[in-house]
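Residues per chain, in single letters:
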Amino acid sequence: MPGFDVIVVGGGHAGCEAALAAARMGCSTLLLTLSLEKIALMPCNPAIGGVGKGQLTREIDALGGEQGRNTDRSFIQMKMLNTGKGPAVQALRAQADKKLYEDNMKRALVREPNLQILEGTVAALNVSRETIEGLTLTDGSFIPARSVVLACGTFMRGKIVVGDQIFPAGRMGEPPAIELSASLTHEGLELSRFQSATPPRIDARSINPDRMKVEPGDLDPELFSISSKPDNRRQIPCYLTNTTARTHEVVRNHLHLSPIKTGSVSSKGPRYCPSIDRKVINFPDRDRHPIFVEPEGRDTTEMYLQGLTTSLPVWVQEKVIRTVPGLENSRLMRPGYAVEYDYVIPDQLTLSLETKALKRLFLAGQINGTSGYEEAAAQGLVAGINAALGVQGHEPMILRRDEAYIGVLIDDLVTKGVDEPYRMFTSRAEYRLLLRHDNAHSRLAETGNRLGLVSDATLAEVFSHRQRIHALLATLKNTRLQPSERLNGALKSRGSATIREDQAAWQLLKRPELHLEDLKPFIAILSNQADGTIKNAEIELKYSGYIARQQEEIDRCASLEDTPIPPDFSFFDLEGITIEAREKLSRIRPSSLGQASRIAGVSPADISVLSIFLRAFR
Amino acid sequence: MGEAPTIAAISTSLGAGAIGIVRLSGAAAISICDKVFRGKLPLAEAGSHTIHLGTIFDTTSGEIVDEVLVSVMRAPATYTREDIVEVNCHGNAVAQQKVLSLFLDHGAQLATPGEFTRRAFLNGRIDLAQAESVARIVSAKTEAGLKMAVSQLEGVLSREIASIRSSILRVLATFEAGIDFSDEDVDEIDASDAGKQLRQLRDRIDELIETALTGRVLSEGVLTAIVGKPNVGKSSLLNSLVMRERAIVTEIPGTTRDTIEEIISVGGIPLKLTDTAGLRPANDEVEKLGVERSRQAIREADLILCLFDGSQREDDHDRALMTSVPADRTIYVINKCDLFRGRPPVFNQGLLPSRPVVISAMTRQGLRILKEKVADKVLGRSFPSPQSPVVTQERHRRLLADASEAIGRAEQGLRVRLGEELIAEELRLALNSLGEITGETFMEDLLDVIFQEFCIGK
Ligand SMILES: Cc1cc2nc3c(=O)[nH]c(=O)nc-3n(C[C@H](O)[C@H](O)[C@H](O)COP(=O)(O)OP(=O)(O)OC[C@H]3O[C@@H](n4cnc5c(N)ncnc54)[C@H](O)[C@@H]3O)c2cc1C
Ligand SMILES: Nc1nc2c(ncn2[C@@H]2O[C@H](COP(=O)(O)OP(=O)(O)O)[C@@H](O)[C@H]2O)c(=O)[nH]1
């Protein structure tokens, strides 16, 4: 085989984004994966987005990635979450048609002229002078590469557990990748193990919807991608039911068969995704837990049982399911299972997702100790971009924590490491009010455009949208409202205090109970604005005080963030700081004082000493 | 990095009557001292942590300056992790000064205040919180202040703040769980309950803020202003409290124009005394300046001694003064009781908001009672036990105030039904401010609390 600029290993969510980005940036790219039938497969719930994750998907779209677009093409239900809460924490969640999602992603891949796709299994890295040179497959063939992105998901030394059944596998029905781990260890990378699990699937024809609550999607749903057109396709509902005391009793009676008790799964799993076994143990006082019954596609009857994750033996799983209202007669289609796998401890990466040990080797996705399609895709995109930039001799793209959830994600991974599979939460973002679903494009489209991943037309659209918002805000700042019976009537109907003297519209709108929509009859300019403009202007307006404060905080930290630490700086000579901090700093080798300040075990005192020495070093 | 210069200073003595110590720290500490020290053997040959008797002599005149005890401590087992030499002088302050200047002549540099501690810190001997506390100890002027600095070193304040933080964190977790896990079975927030909890937390923080006054008072002194119209005896009172002729006493009204600061100790509490020009309509520029200053002194003072001449009938100036001082911080004093018996004959003390102390600055009659009253007023009920947290640093007080305000805004937000993410934002601010005092960051703790308290997970 001839060589490639970039080889991406893994056709999962990380790998697809990486391969598309590198190819679109002009690199000759190869996507290598175990099976061409399983591209962008969703082994767990076929849902994209949600609170925190949805913001990631929007950002991927803003940077020119594929996940948002592909979800818009493939959804069977779309819903805005947290609509009862503020806009900074609202996010889209889609239920995708699992098969359609795979097909659409595959279509996007094969349309890319610079991208080749090859079925095969990578066995080892080829390395010379601490730089990646290519890959060796299990059949012994060697493919040269100037840069490599590894996105192997849960496959490295993967092991599946269902009750007392334990066997090597990457996912159900797929072989694991055995050799690669040893090669990574050989090159000096430190691995560890995590586990993840998925609930059973049941047959839609066997459920009783009358005993459950229907959970429909949104009418006129919003979409992830700026390039998608409004879409009113028929949506498929989910159902909400719950476990009962009887469910918990059955689980409790069979706990001795649970991998938790038998010890067949020993590594750490995500706390935010506990199995029903774990819930029964940890929350003995609760007599019910919610269960969402979710469709997996239009052409299949599989339904996913969100909330019933378990790897109890299959016969127990069936018993457990039948205690749930609406599922009394349900038939199991696929059992739930747990998978245990190797991941690379992510503090061995730089903020560009390149390994510190090997030049031009990038890691992305679950291999870095994360979980979730959105987290994987976000990393894949960044790794693909940086692999391409590296090959082309450019500086890497690094997103800051105040710029994007993607920046938070990667900084967290690299700086703090992980002690459970990492999932995004909005609470991880200290600048949450700035990093919103609604302004993702405004934050990132320029970067995407500079990389060649976002078209000029799209960027122009983003700019003009932003301009309209700013113009509207400027007008509102100068608009005063006269007290009138009509206005006071409108205020009253919103439960808001009436006014006696004329008031700045801006001031009035600061009241939480009032919305721009309410003032439409009183402010002329509002009548000819697009809904999107009004909505976004309102967000900016309501948050303006808080945003200003966050901006101040960002500026205050800027001096730390902007103080680089030279790559060859020796932390071991720093007499003034604790041994623990020295060890942490030496391992993580932060690239700025700001990054150093976020390392656990490095105190503000350590940072002030470090800053003194850095000044001396210069 | 060049080698740090060797530094020298007369070290602040902690207790009255302690022997003055001149201290050297740095690579050249031993060789510098050797140049002016004559003992049994050169210090260069002395082992670490040994004490040597000898003399310090003036290298130019050859005269003996003082008989001294010299301790040699070699790096790294020293306070600064550098070589340290300490010269215990026998004699007076003049001798100490002389020894110091000899060291400076022979290549040492004068240490800036706190530099020994800074080096200890930079060389990894102590951490920042310890350094701050040591700085307190060094500058603490009285025993009460010292004890407090020590107990802070042991973290009483940190513990209280940590406990407040974890309570805030629990409230925040309910909001965050509702935000990040909205589609799960997380209970609705009870706004009135959350409000109540926040109010309690704010009270706890405010209590800490209130101790800041005591803390500063104990470590820096109670800022005390003596006010009164000219010639009531302000300078005389200052002098008799200080027991030294310090302020110039004159018969001409208005000559004590400058404020003069003196520190005296009353029952272990340092009073930083200011004697000010009398409050009187100004009739020349200098006087005007003085009057403005005394107004300012009243505004800033922790304690005001408001003085009247008991031998005379009160006049408009006295009456103006009575109403212009804040009663809660003021002790009213009637002077010159040597000129009358019992109650002042013509001065109407019924005009004063509280019972005055009657004294004679000249004969010192009543001074003891005045001092007791001072101690009472300043510390009285609020004197902290060594176990209770006290805020001694302005930086900490400001951060606590920030936290308190943020929580106040969160409470307010709950009342007007502000978005949960905005209330969470205020609570995060509060946590950050408190974290800046104790050096904790909250992200990881927050997730821990969420997963402990809520059944999250699908
Ligand atoms: C059982 C299970 C339960 C899960 N539960 C959850 C959950 O509850 N919540 C959640 O958020 N996420 C869950 N996930 C995780 C989610 O599926 C992943 O985080 C996401 O798919 C990771 O994407 P990825 O691109 O990193 O890896 P994957 O999507 O796993 O893709 C890896 C790809 O690499 C290929 N590959 C691997 N090794 C080699 C090799 N040596 N040579 C060539 N190709 C190779 C594979 O063929 C595959 O295409 C679960 C996953 C599984 C398997
Ligand atoms: N008899 C008597 N004279 C006093 C007393 N205190 C002060 N004086 C006198 O009052 C005059 C003014 O005192 P001074 O302290 O300068 O007053 P000031 O202007 O308030 O500072 C001086 O002559 C003092 O000697 C006192 O207690 N008794």
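Preceding this paragraph is the structure being described.
The present account deals with the structure reproduced in this document. (Residues numbered from 1 in each chain as written. Chains lettered and ligands numbered in written order. Predicted model: local features only at pLDDT ≥ 70, side-chain atom pairs only at ≥ 80, totals over all residues. Heavy atoms only, no water.)

### Looking at the overall build of chain A
For step 1, the next point in the chain: Helix and strand counts for chain A come out as 19 helices and 22 strands.
For step 2, the next point in the chain: Radius of gyration (C-alpha) of chain A: 26 Å, near the 25 Å computed for a compact globule of 618 residues.
For step 3, the next point in the chain: Summarising its shape, the C-alpha atoms of chain A cover approximately 80 × 70 × 50 Å along the three principal directions.
For step 4, the next point in the chain: Taken across its 618 residues, chain A has 59% of its residues classed as buried.
For step 5, the next point in the chain: Looking at charge distribution, chain A has the averaged site of its 75 positive side-chain charges lying 4 Å from that of its 75 negative ones. (Helix = DSSP H or I, 4+ residues; strand = E, 2+ residues; numbered from the N terminus. Rg over C-alpha atoms; globule rule 2.2 N^0.38 Å. Buried < 20%, exposed > 50% of the residue type's maximum accessible area, 1.4 Å probe, protein only. Lys, Arg positive; Asp, Glu negative; His and termini not counted. Charge placed at Lys NZ, Arg CZ, Asp CG, Glu CD.)

### A few points about the site of ligand 1
All names here are of chain A.
For step 1, the next point in the chain: Near ligand 1, the surroundings consist of 34 residues, among which His13, Ala14, Val122, Gln366 and Gly372 are the closest.
For step 2, the next point in the chain: At 3.2 Å from a nitrogen atom of ligand 1 is found a side-chain nitrogen or oxygen belonging to Ser196.
For step 3, the next point in the chain: Within the backbone of Gly372, an N or O atom sits 2.7 Å from an oxygen atom of ligand 1.
For step 4, the next point in the chain: Contact with the protein chains hides 96% of the accessible area of ligand 1, taken as 990 Å² for the molecule alone.
For step 5, the next point in the chain: Looking at the shell around ligand 1, the elements that each hand over two or more residues are helix 1 (13-24), strand 2 (29-33), strand 12 (191-198), strand 19 (337-344) and helix 10 (373-391).
For step 6, the next point in the chain: The element that contributes the greatest number of residues to the shell around ligand 1 is strand 12, accounting for three residues.
For step 7, the next point in the chain: Of the residues belonging to the shell around ligand 1, the class tally is 17 nonpolar, 15 polar and two charged. (Near = heavy atom within 4 Å. Polar contact = N/O pair within 3.5 Å; in protein donor to acceptor, adjacent residues only side chain to side chain. Areas by Shrake-Rupley, 256 points an atom, 1.4 Å probe, with all protein chains shown as cover. Nonpolar A, V, L, I, M, F, W, Y, C, P; charged D, E, K, R; others polar.)

### Some remarks on the pattern of salt bridges
For step 1, the next point in the chain: Considering all chains together, one arrives at 57 salt bridges over all chains under this definition.
For step 2, the next point in the chain: Measuring nitrogen to oxygen at the nearest pair gives 3.1 Å for the salt bridge that ties Glu426(B) to Arg549(A). Taken together, the positions of Glu426(B) in helix 13 (residues 420-438) and Arg549(A) in helix 16 (residues 531-561) put the pair across two chains.
For step 3, the next point in the chain: For Arg549(A), a relative accessible area of 25% translates into the label partly exposed.
For step 4, the next point in the chain: One salt-bridge network, in which partners are shared between bridges, spans Arg401(A), Asp411(A), Asp412(A), Lys416(A), Glu430(A), Glu561(A) and Arg598(A). (Salt bridge = Lys/Arg side-chain N within 4 Å of Asp/Glu carboxyl O.)

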